[in-house]
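Structural overview
Okay, here's what each chain looks like letter by letter:
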Amino acid sequence: MMSSTTATDPLRCASSQLPAWRVLVIDDDPEVHDGIRDASAGLRLFDRPLELVHCTHGDNVRALLLGEADLAVVMMDLVSQHAGGGLALLDFMRHTAGLRKTRLVLRTEAPHCVPDLDTLLRYDISDYHSKTDLTPDRWGAIAARSVQGYQRLCAFEASRRSMEAIVCSSTALLEHTDLSAFATGVITQLAALLGVPGQALACVRDTTAGPSGTYRVQAATGRFAGLLDLPMAALPDATMLRLLHRALDTRGNALDNPVQPFAAPGVLPPPRCCGDNVFGDDRGLALYIGSPGDQDMVVFIELADPAIGPDRQLLDFFCVSFSTLLRNRGLLERLRRSAYSDPLVSLPNRAYFIEKVGECVQRGTEGMMLALVDIDDFSATNEMMGHRFGDRLLSAVAQRLAEVLPAGVMLARVGPDTFGILGPAHMVPPQQLPDCVRDPLTINDTPHKVSMTCGYVLLPQGARTGDDLVKDATIALKRAKRDHRGQQLQYAAHMGAEAKERAVLLSELRKAIENAELFLVYQPQVDLETGNVIGLEALLRWRTADGRLVPPDQFIPVAEHSSLILPLGQRALEMACQTLRELQMAGLAPARMAVNVSVVQLRDPGFFGMVCAALSANGLAGHHLELEITESVVVLPTQLLQSTLNALRAHGVTIAIDDFGTGYSSLSYLERLPLDRIKIDRTFVQQLDAPHGGRVAEMVVQLGRKLGLQVLAEGIENAAAWQALQAMGCHHGQGYHIAYPMEKTDLLRWLAQS
Ligand code: C2E
Ligand code: CA
Ligand code: CA
């Protein structure tokens, strides 16, 4: 037998929309079925009737159970002798059919035939009764208890799902960076939680004005969409406004004033208060999200059916979850801001710049330009004038750049003293960038002149990353720093290839230094009058593991391009001092050792100290050392250069200007520098045998004499050159005719013989 009856009063049933509680009775005893049917007639539990389904173990109970989703109670006899009945059926119901919320009542043979505790617990059996218990009164109580249990479990399950939904949606909402999107997310999630169509709006406080900032509609859905951007005070709906204010006022003072019942003005019923965050009446709910001292918002949502009251605890949980989220979002926002901005100059930083270049690449780079502008000799200024001055200088440059750049062009600080610029090329003529500091900057109320160099790249079409493009501009900038200081240089493809070659050479050079593949050779310098050796010039050599010699003209510029020249130059100086010491010990030492110094080394604030340390470590005095600098030192700030050279000379070290005449120094500059010697470049010496070829050399000799400097000619390859130079009045000389640069052992032999 299998039958179904709705045990209801037809009149009451018609008035109620709520579905009946489904109760399944499985019993082989017809009397039990009859008893329950009679006892259920007209019974209503929690405003809902019962719908009974009757079957015996002989029926296909398992198929029936599989089709049930909303079964409130199962009343089953445990005394059946039928195969598949009893405990096996309980197991099927709970585990295979998945009916976990359904309340199970067992019918036992007699009051004493009780299932053991383990069975009761394992199958979550609510109750057990004998046939005699099934009188109408007692059945009513059994059914009520079971239905109530089922109802509670259903409510619990629904809350759990809603909470899960809130937690999931919260995580998704954290992704929203802008507040309007976040607010829209909140009202969408709220509508989903309440199961109502989204007629809602959210008013968000303007935090820039602090706690007193006004609330404005930042998100609105459904028929409220037209209210977007309106100040909250201007909302036309009095009921809504009243609830929103109530939510705000109560929450804002929640700590001082515990929630008071609301005294409703006019005809409106008093709002129902749920915790501190939710206020409602029959039309809708107002929720407070956030915290008064931080970012906050109030949300209004219309309720379609006042009869379906929202679960207050869930709504509170919603408010608490989203308040935490809003706070975390604020923290994330602050983190993001600090991760993407440079606090010193209040500009976006390198990470942000690269990201924006990447976005620009995605959108299309037609007509766009990326420029890097670098302050020349910033570190020297920083060292000399102090870091506080340096900081002010950076701010002043940032400000000057911001002034000249039109709106729509991005400016960022991408390196310690480097600024990045991204914008349409026609809006930023590259020469304008170094030119913008033509007028001195004002720092500490005094004018300060700086020079800036710019490398730029016109963004190519095609997929490249922001990082790559910044690298290209960096290559152009480095080259401009080397060859076009104070000017701008556009990136060209060949620069990239050369940069790559240089990078390879640089990494090999690093290894070479570690593997001691670098060493010095020494070229004697003589008095042209007497032929006596007056000094040695130390020249670096790099012999690779396979015996190949890499010329210094190749690797020195690469080392200068990176900071590698600093340790390399230091090593050369130390080796040269050590050799001179050894020669002194052998009684073969000339008066001094000349060491070549790169402009990068001179710029290094630790240079003077390093020189003194190398001398004293080898027991040498300052006058044992000569430093050869080139005319390229003109790029250094005069003050820095003069103070370094003066300090060295005060220590006894002499200074020679190398390759004289090949650079771009002005004579007035030469006059101002504290120097001891001029070295005539070998190209002028090699021109000596050409008709009128000696003019430059002669002029340099005269100039040196006039300035009270000694003059040394390099590149003397024959006796004629020697004689010509000597005739001109040149004091000293070096060259292949006198001696080739030699390794230490050869040098010792050469010195011993001469
Ligand atoms: P430099 O300082 O002008 O060095 C003189 C160069 O002329 C050396 O070339 C030397 O070998 C070469 N030379 C000497 N006598 C003659 C000659 O009679 N005829 C000709 N044609 N050449 C002669 P090298 O050793 O190849 O050095 C090239 C450059 O590399 C140097 O030019 C210097 O600027 C740089 N350099 C070498 N060693 C160092 C170093 O330790 N530090 C720095 N910063 N630069 C170095
Ligand atoms: Ca030299
Ligand atoms: Ca030279």
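Residues numbered from 1 in each chain as written. Chains lettered and ligands numbered in written order. Predicted model: local features only at pLDDT ≥ 70, side-chain atom pairs only at ≥ 80, totals over all residues. Heavy atoms only, no water.

**Regarding the overall build of the protein**
What counts, and what does not: Strands here are runs of E lasting at least two residues and helices are runs of H or I lasting at least four, both read from the DSSP assignment and numbered beginning at the N terminus. Only protein chains enter the accessibility calculation, which uses a 1.4 Å probe; a residue is then buried when its area is under 20% of its type maximum, exposed when over 50%, and partly exposed in between. In this description, contact between two residues means that some pair of their heavy atoms is separated by no more than 4.5 Å. Each accessible area is a Shrake-Rupley result for a 1.4 Å probe, and residues are judged covered by the shown protein chains and nothing else. By the counting rule applied here, Lys and Arg register as positive and Asp and Glu as negative, while His and the ends of each chain are not counted. Charge placement uses NZ in Lys and CZ in Arg. For Asp and Glu, CG and CD serve respectively.
Along the protein, the regular secondary structure elements total 25 helices and 31 strands. Seen through its principal axes, the protein has C-alpha atoms that stretch 140 × 65 × 50 Å. When the 754 residues of the protein are sorted by exposure, 49% land in the buried category. Within the protein, contacts between residues separated by at least 24 positions form 67% of all contacts whose residues are at least 6 apart in sequence. Summed over all atoms, the accessible surface of the protein reaches about 35400 Å², with 54% contributed by carbon and sulfur. Averaging the coordinates of the 69 positive side-chain charges in the protein and doing the same for the 86 negative ones gives two points 2 Å apart.

**Some thoughts on the coordination of the calcium ion (ligand 3)**
Counted only if it meets this: Coordinating N, O and S atoms are those within 2.8 Å of the metal (3.2 Å for Na, K and Ca), and as water is not part of the atoms, a site may appear to have fewer donors than expected.
Around the calcium ion (ligand 3), the protein supplies Asp658 (OD), Asp659 (OD), Glu714 (OE) and Glu714 (OE) as donor atoms, at distances of 2.1 to 2.6 Å. Between the two metals, the calcium ion (ligand 3) and the calcium ion (ligand 2), the spacing is 4.1 Å, and Asp658 donates to both. Linking Asp659 in strand S28 (residues 654-660) with Glu714 in the loop between strand S30 (710-713) and helix H24 (719-728), this pair joins segments that are 55 residues apart in sequence.

**Side note on the environment of Val404**
Of note, Val404 is situated in helix H12 (residues 387-404). On the basis of relative accessible area, Val404 is assigned to the partly exposed category, the value being 27%. Between the C-alpha atoms of Val404 and Leu433, which are 29 residues apart in sequence, the distance is 8.3 Å. What Val404 contacts, discounting residues up to four positions off in sequence, is Gln432 and Cys436.

**What to know about the packing of aromatic side chains**
Cut-off, in case you're wondering: Each Phe, Tyr or Trp ring, with Trp reduced to its six-membered ring, pairs with another whose centre is within 6.5 Å; inter-plane angles below 30 degrees give stacked pairs, above 60 give edge-to-face pairs, and intermediate values give tilted ones. A ring is considered to have a charge above it if a Lys NZ or an Arg CZ atom is located within 6 Å of its centre and within 35 degrees of its normal.
Following the criterion strictly, the structure yields six aromatic pairs and no others. Ring geometry for Trp542 against Phe555: centres 5.6 Å apart, planes inclined by 85°, an arrangement best described as edge-to-face. On the criterion of sequence distance, the pair formed by Trp542 in strand S24 (residues 533-543) and Phe555 in helix H16 (residues 552-561) is long-range, its members being 13 residues apart. Taken individually, Trp542 and Phe555 each receive the classification buried, so the pair is uniform in this respect. The ring of Trp21 carries the charged tip of Arg48 above its face, separated from the ring centre by 3.6 Å.

**Concerning the packing of helix H7 (residues 179-194) against helix H9 (residues 312-340)**
Rule in force here: Inter-axis angles, ranging from 0 to 180 degrees, are taken between N-to-C directions of lines fitted to C-alpha atoms, where helices are fitted over the stretch in contact. Roughly parallel refers to an angle under 35 degrees, roughly antiparallel to one over 145, roughly perpendicular to one between 65 and 115, and oblique to any angle outside these ranges. By definition, turning the near helix anticlockwise from the far helix through less than a right angle yields a left-handed crossing, and turning it clockwise yields a right-handed one. As a working rule, the residues Ala, Val, Leu, Ile, Met, Phe, Trp, Tyr, Cys and Pro are called nonpolar, Asp, Glu, Lys and Arg charged, and the rest polar, with Gly in that last group.
At their nearest, the axes of H7 and H9 sit 12 Å apart, and the two run at 165° to each other. Between H7 and H9, the angle is such that the two are roughly antiparallel. Considering how the two elements wind past one another, H7 and H9 form a crossing that is right-handed. Of H9, the residues touching H7 (which contributes Leu179, Phe182, Val186, Gln189, Leu190, Leu193 and Leu194) are Leu314, Leu315, Phe318, Phe322, Leu325, Leu326 and Arg329. Its residues assigned to classes, the contact of H7 with H9 comprises twelve nonpolar, one polar and one charged.

**What about H9?**
Short version of the rule: Expected helix span is computed as 1.5 Å times (number of residues minus one).
The end-to-end C-alpha separation of H9 is 41 Å, in line with the 42 Å expected for 29 residues at 1.5 Å each. What H9 keeps buried is the set Leu314, Leu315, Asp316, Phe318, Cys319, Ser321, Phe322, Ser323, Leu325, Leu326, Arg329 and Gly330.

**Some thoughts on the sheet that holds strand S21 (residues 452-458)**
The following threshold applies: Any two strands with at least two DSSP-identified bridges between them are counted as paired.
In space, the five strands of this open sheet follow the order S17-S18-S16-S21-S22, with mixed pairing throughout. Where the open sheet ends on each side, the last strands, each with one partner, are strand S17 (410-415) and strand S22 (488-490). Within this sheet the neighbouring strands show an average axis-to-axis angle of 20°, counted without direction. Here seven bridges tie strand S16 (residues 368-375) to strand S18 (residues 418-424), and the two strands are oriented antiparallel to one another. Looking at S18, one finds that Val373 is bridged to Phe419. Helix H14 (residues 466-483) contacts S16, S18, S21 and S22 of the sheet and is inclined by roughly 140° relative to S21.

**Notes on the domain arrangement of the protein**
Note the following rule: Either an automatic procedure or a domain database provided the assignment from which the domain bounds are taken.
Looking at the assigned domains, one finds that the protein contains domain 1 (3-160), domain 2 (174-338), domain 3 (345-491) and domain 4 (505-753). The distance between the C-alpha centroids of domain 1 and domain 4 comes to 105 Å.

**Side note on the site of ligand 1**
Under the convention used in this document: Any residue with a heavy atom positioned within 4 Å of a molecule or strand is treated as near that molecule or strand. We call two N or O atoms a polar contact when they sit within 3.5 Å, provided that within protein one can donate a hydrogen and the other can accept it, with sequence-adjacent residues counted only if both atoms are side-chain atoms.
Neighbouring ligand 1 are 22 residues, the closest being Gln523, Arg541, Asp658, Glu717 and Tyr736. Gln686 places a polar side-chain atom, nitrogen or oxygen, 3.4 Å from a nitrogen atom of ligand 1. For ligand 1, the accessible surface in isolation is 790 Å², of which the surrounding protein chains cover 87%. Where the shell around ligand 1 is concerned, the elements lending two or more residues are S24, H16, S28 and helix H22 (682-686). The greatest single-element share of the shell around ligand 1, amounting to four residues, is contributed by S24. When its residues are assigned to classes, the shell around ligand 1 shows eight nonpolar, six polar and eight charged.

**Focus: the coordination of the calcium ion (ligand 2)**
For a metal with four tetrahedral donors the ideal donor-metal-donor angle is 109.5 degrees, while six octahedral donors give ideal angles of 90 or 180 degrees. Around the calcium ion (ligand 2), the protein supplies Glu537 (OE), Asn596 (OD1), Glu628 (OE) and Asp658 (OD) as donor atoms, at distances of 2.1 to 2.2 Å. Read in sequence order, the donor residues coordinating the calcium ion (ligand 2) give the pattern E-x58-N-x31-E-x29-D. Residue class for Asn596 comes out partly exposed when judged on its relative accessible area of 29%.

**Examining the nonpolar core**
The condition that has to hold: Side-chain atoms within 4.5 Å link the members of a nonpolar core, which is a set of buried Ala, Val, Leu, Ile, Met, Phe, Trp, Tyr and Cys residues.
Counting 78 residues, the largest nonpolar core has Leu627, Ile680 and Leu725 as its most contacted members. Looking at this core element by element, the count peaks at nine residues for helix H17 (residues 565-585). Every residue in contact with Leu725, bar those within four places of it in the chain, is listed here: Leu528, Ile680, Val685, Leu688, Ala697, Ala713, Ile716 and Cys730. Listed in part, the 30 residues of the second largest apolar core include Ile166, Val186, Val299 and Leu326.

**Considerations on the confidence of the model for the protein**
Should the pLDDT be low somewhere, the predicted coordinates at that spot are not to be read in detail. Here is the rule: Confidence of the predictor at the level of single residues is captured by pLDDT, which takes values from 0 to 100.
The pLDDT averaged across the protein works out to 86; a share of 91% of its residues lies at or above 70. With pLDDT under 50 throughout, residues 252-274 is counted as low confidence; its partners more than four residues away or in other chains account for 36 contacts.

**A short note on the environment of Met297**
In this structure, Met297 sits in strand S13 (residues 296-302). Distance in space between the C-alpha atoms of Met297 and Ser643 is 62 Å, their sequence separation being 346 residues. In this structure, Met297 is in contact with Phe182, Ala183, Val186, Ala202, Cys203, Val204, Tyr215, Leu287, Tyr288, Ile289 and Leu326, ignoring residues within four places of it in sequence.

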